[in-house]
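Commentary on secondary and tertiary structure
Each chain, written out:
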Amino acid sequence: MTTDATAAPATAETQAETPAVARVGVIGAGQMGNGIAHVCALAGLPVVLLDVKADALDKAMAVMGRNMDRQVSRNLITAEEKAAALGRISTSTDYAAFGACDLVIEAATEKEEVKRAIYKTLTPHLKPSCMIASNTSSISITRLGASTDRPEKFIGMHFMNPVPVMKLIELIRGIATDEPTFQATQALATRLNKTTAVAEDFPAFIVNRILVPMINEAVYALYEGVGSISAIDNAMRLGANHPMGPLELADFIGLDTCLSIMQVLYEGLSDSKYRPCPLLVKYVEAGWLGRKTGRGFYDYTQTPPRPTR
């Protein structure tokens, strides 16, 4: 009886400490940012979407509208739900718009110096209770959190691409992340109808620790002449039942992002098996970053896309 009596208040106290997320901010109106705004708005949350470029915000709203139209056509949501969701999203180029947010999710480019600069601009505009999450796919959450004024309220929420379709969110606690922040983001993920995988704060976490070295090895196979782009992708699609070949997937992710993740792994783990393939480096140096630039391992100016090597 004594054990039961003491356990109940602890549970109630934990629940009371978990902050409620009633309004979400999203930084970055690119593919990941507009996807995160999309799912939050459909879950009934008011969303503030910020980007430094006003035209990027206009484009993001148009993309979300088209993606929701696709969901309507598949009977996943109704036209009324689409209209309500889009109505919950406000856009801004001014960080002051985040003043009422309970959580701000940063979905900027995968460069640590860019993220640190964003947090420096962001934090003066936040209320003291506001939490910050990074959608980083590889960078240390502990290190990013330490660059803010609230490391205990900082966490990694790594959404998968495309966000409206993919069910997983990796949750990554930094060494300073407190339990209420973890519980609040776990509850948010549940509200978004996502499944979470909790990862330790090691370079590239779980998904990209496994996935991106596979992509890098596929680039090495191309670099060394083991097979052509088509042969490598067909082999993995038909031989391993992957929905996309690794080089096609690299183009979808962005070759610059793949290279950044490999560099984080190589520098963070000091293991030569994570050395980025020189051919991957050359493609990025050429500006051939994949689908978003129209050319990567495939040329997307043609239908169907044609291998570039």
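Residues numbered from 1 in each chain as written. Predicted model: local features only at pLDDT ≥ 70, side-chain atom pairs only at ≥ 80, totals over all residues. Heavy atoms only, no water.

1. Describing the environment of threonine 93
For threonine 93, the position within the fold is in the loop between β3 (89–92) and β4 (103–106). Classification of threonine 93 as partly exposed rests on a relative accessible area of 44%. Contacts of threonine 93, omitting those with residues within four sequence positions, involve Leu50, Asp51, Val52, Lys53, Ala54 and Leu57. (Helix = DSSP H or I, 4+ residues; strand = E, 2+ residues; numbered from the N terminus. Buried < 20%, exposed > 50% of the residue type's maximum accessible area, 1.4 Å probe, protein only. Contact = heavy atoms within 4.5 Å.)

2. As for the UniProt feature "site: Important for catalytic activity" (unreviewed entry) in the protein chain
Using the residue numbers shown here, the UniProt feature "site: Important for catalytic activity" (unreviewed entry) corresponds to His158. Examined against the element boundaries, histidine 158 turns out to sit in strand β6 (residues 154–159). A residue is classified by how much of its surface remains accessible, and histidine 158, at 6% relative accessible area, is buried. Here histidine 158 is in contact with Ser134, Asn135, Thr136, Ser137, Leu168, Ile169, Glu170, Ile172 and Asn208, once residues within four sequence places are set aside. A polar side-chain atom of histidine 158 sits 2.7 Å from a polar atom in the side chain of glutamate 170. (UniProt positions renumbered as here; feature names shortened; annotations may be inferred. Polar contact = N/O pair within 3.5 Å; in protein donor to acceptor, adjacent residues only side chain to side chain.)

3. Digging into the packing of helix α9 (residues 229–239) against helix α10 (residues 246–253)
Interaxial distance between α9 and α10 falls to 7 Å at its minimum, and their mutual angle equals 100 degrees. Judged by the inter-axis angle, α9 sits roughly perpendicular to α10. Listed contacts from α10 to Ile229, Ile232, Asp233, Met236 and Arg237 of α9 are Pro246, Leu247 and Glu248. Residues that form the contact of α9 with α10 fall into these classes: 5 nonpolar, no polar and 3 charged. (Axes fitted to C-alpha atoms, helices over the stretch in contact; angles between N-to-C directions. Parallel < 35°, antiparallel > 145°, perpendicular 65-115°, else oblique. Nonpolar A, V, L, I, M, F, W, Y, C, P; charged D, E, K, R; others polar.)

4. Concerning unusual backbone geometry
Residue proline 162 follows asparagine 161 across a cis peptide bond; omega there is 0 degrees. For the bond running from threonine 303 to proline 304, omega is -5 degrees, close enough to zero to count as cis. Within the secondary structure layout, proline 304 lies in the loop between β9 (298–299) and β10 (306–307). Even without glycine at this site, alanine 204 takes up a positive phi of about 70 degrees. Tracing the sequence through the fold places alanine 204 in the loop between β8 (195–199) and α8 (207–223).

5. Observations regarding the UniProt feature "domain: 3-hydroxyacyl-CoA dehydrogenase C-terminal" (unreviewed entry) in the protein chain
Feature annotation in UniProt places "domain: 3-hydroxyacyl-CoA dehydrogenase C-terminal" (unreviewed entry) on residues 205–300, given in this structure's numbering. As annotated, residues 205–300 has a helix share of 61% and a strand share of 2%, and its two end C-alpha atoms lie 31 Å apart.

6. What about the pattern of salt bridges?
Applying the stated criterion across every chain, the model contains 13 salt bridges. Where arginine 173 meets glutamate 179, a salt bridge forms, and the shortest distance between an N and an O atom there is 2.7 Å. For arginine 237, the salt bridge is made with glutamate 248, and the minimal N-O distance between the two is 3.2 Å. With a gap of 11 residues between them, arginine 237 in helix α9 and glutamate 248 in helix α10 connect regions that are remote in the sequence. (Salt bridge = Lys/Arg side-chain N within 4 Å of Asp/Glu carboxyl O.)

7. Regarding the sheet that holds strand β5 (residues 131–134)
Spatial ordering of the open sheet is given by β3-β2-β1-β4-β5-β6-β7-β8, a layout of 8 strands whose pairing is mixed. Looking at which strands have only one partner, the edges of the open sheet turn out to be β3 and β8. Going across the sheet, the axis of each strand differs from the next one's by a mean of 25 degrees, ignoring polarity. When strand β1 (residues 24–27) meets β4, the two strands line up parallel, connected through 4 bridges. Note that in β4 the partner of glycine 25 across the bridge is valine 104. (Pairing = 2+ DSSP bridges.)

8. Quick look at the environment of isoleucine 132
Here isoleucine 132 lies in strand β5. C-alpha of isoleucine 132 to C-alpha of threonine 148: the two residues are 16 residues apart in sequence and 9.2 Å apart in space. Ignoring sequence-local partners within four residues, the contact set of isoleucine 132 consists of Leu103, Val104, Tyr119, Leu122, Thr123, Leu126, Thr148, Arg150, Lys153, Phe154 and Ile155.

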